[in-house]
Amino acid sequence: LSENKNIDDNAVLVMPTCVDYDEYPAKVYDDGAPEIVLGWIGGNHNLHYLDMIVEQLNRLTTDYKFKLIVVAGRDYGNTEAKFRIENQRWSLDSEKDLIRSFDVGLMPIENNVVGRGKCGFKLLQYMGLGVVGVATNVTVNGDIIEDGKNGFLVKPDNSNWYDVLKNVL
């Protein structure tokens, strides 16, 4: 809508995204795993959303051993990160196995015009493969996740990632 001022909000059709993972097994959690795996999958143009939560992830390193797996078309890095970042290249053949390697799937977004236009596809991928999803509570994310039941929601201003993730972990 921000691109075309002539389109009325009521003229927008929301088309849900779907994933067909019936033939794929859901994530099996291993309580004895040596470290927790936080994960993010997405396009290169969305990697900057991870920068918004690095400080809060750093706070978690005091109490938890974890790594962040980033699945994209290029490497993600942040010099402020106090945790290990493992970059994996996205491919259609490997994406389902990579997502299943996550213990917690992350979807931070900004509460702005672009963020409100997101479709929640990451969440659907995480949920479709049995991975716990944590997302910013912006538009459709709040429709997809029933907080505390099938995933977890972070405030729209992204101020409580630490608290939510600590509760999840």
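Structure first, text after, so check above.
Cut-offs applied
- Residues numbered from 1 in each chain as written.
- Predicted model: local features only at pLDDT ≥ 70, side-chain atom pairs only at ≥ 80, totals over all residues.
- Heavy atoms only, no water.
- Helix = DSSP H or I, 4+ residues; strand = E, 2+ residues; numbered from the N terminus.
- Rg over C-alpha atoms; globule rule 2.2 N^0.38 Å.
- Contact = heavy atoms within 4.5 Å.
- Areas by Shrake-Rupley, 256 points an atom, 1.4 Å probe, with all protein chains shown as cover.
- Lys, Arg positive; Asp, Glu negative; His and termini not counted.
- Charge placed at Lys NZ, Arg CZ, Asp CG, Glu CD.
- Salt bridge = Lys/Arg side-chain N within 4 Å of Asp/Glu carboxyl O.
- Buried < 20%, exposed > 50% of the residue type's maximum accessible area, 1.4 Å probe, protein only.
- 1 Å grid on protein atoms, 1.4 Å probe; cavity = no way out; pocket = protein on both sides within 12 Å on 5 of 7 lines; lining within 4 Å.
- Points joined across faces, edges and corners; volume = space filled by probe spheres on them.
- Nonpolar A, V, L, I, M, F, W, Y, C, P; charged D, E, K, R; others polar.

Caption draft 1: Inspection of the overall build of the protein chain at higher detail. When helices and strands are tallied, the protein chain shows 7 helices and 6 strands. For the protein chain, the sequential pattern of α-helices and β-strands runs β-α-α-β-β-α-β-α-α-β-α-β-α. Expected size for 169 residues packed as a compact globule is a radius of gyration near 15 Å; at 16 Å, the protein chain falls within 12% of this value. Taking the principal axes of its C-alpha atoms as reference, the protein chain extends roughly 55 × 40 × 35 Å. Contacts spanning at least 24 positions in sequence make up 64% of the contacts within the protein chain whose residues lie at least 6 apart. Taken as a whole, the protein chain presents about 9,500 Å² of accessible surface, with 49% of it coming from carbon and sulfur. Of the side-chain charges in the protein chain, 17 are positive and 25 negative, and the distance between the mean point of each set is 4 Å.

Caption draft 2: View of the pattern of salt bridges. Enumeration over the complete set of coordinates arrives at 9 salt bridges. Close ionic contact of arginine 84 with glutamate 35 constitutes a salt bridge, the shortest N to O distance being 2.6 Å. Here the residue arginine 84 occupies a position in strand S3 (residues 84-89), and glutamate 35 occupies one in the segment before strand S1 (36-41), the gap between them amounting to 49 residues. Accessibility expressed as a relative area gives 44% for arginine 84, which makes it partly exposed. Classification of glutamate 35 as buried rests on a relative accessible area of 17%. Among the ionic pairs, glutamate 86 bridges to arginine 84, the shortest N-O distance being 3.5 Å. Within this structure, Glu35, Lys67, Arg84 and Glu86 form a network of salt bridges that share partners.

Caption draft 3: Main features of the layout of surface pockets. Roughly 230 Å³ of internal volume is contained in the second largest pocket. Around the second largest pocket, the lining residues are Tyr29, Asp30, Asp31, Ala33, Glu35, Ile36, Asp103, Val104, Val132, Val168 and Leu169. When grouped by side-chain class, the residues that make up the lining of the second largest pocket number 7 nonpolar, no polar and 4 charged.

Read these as spatial facts, not as claims about activity.
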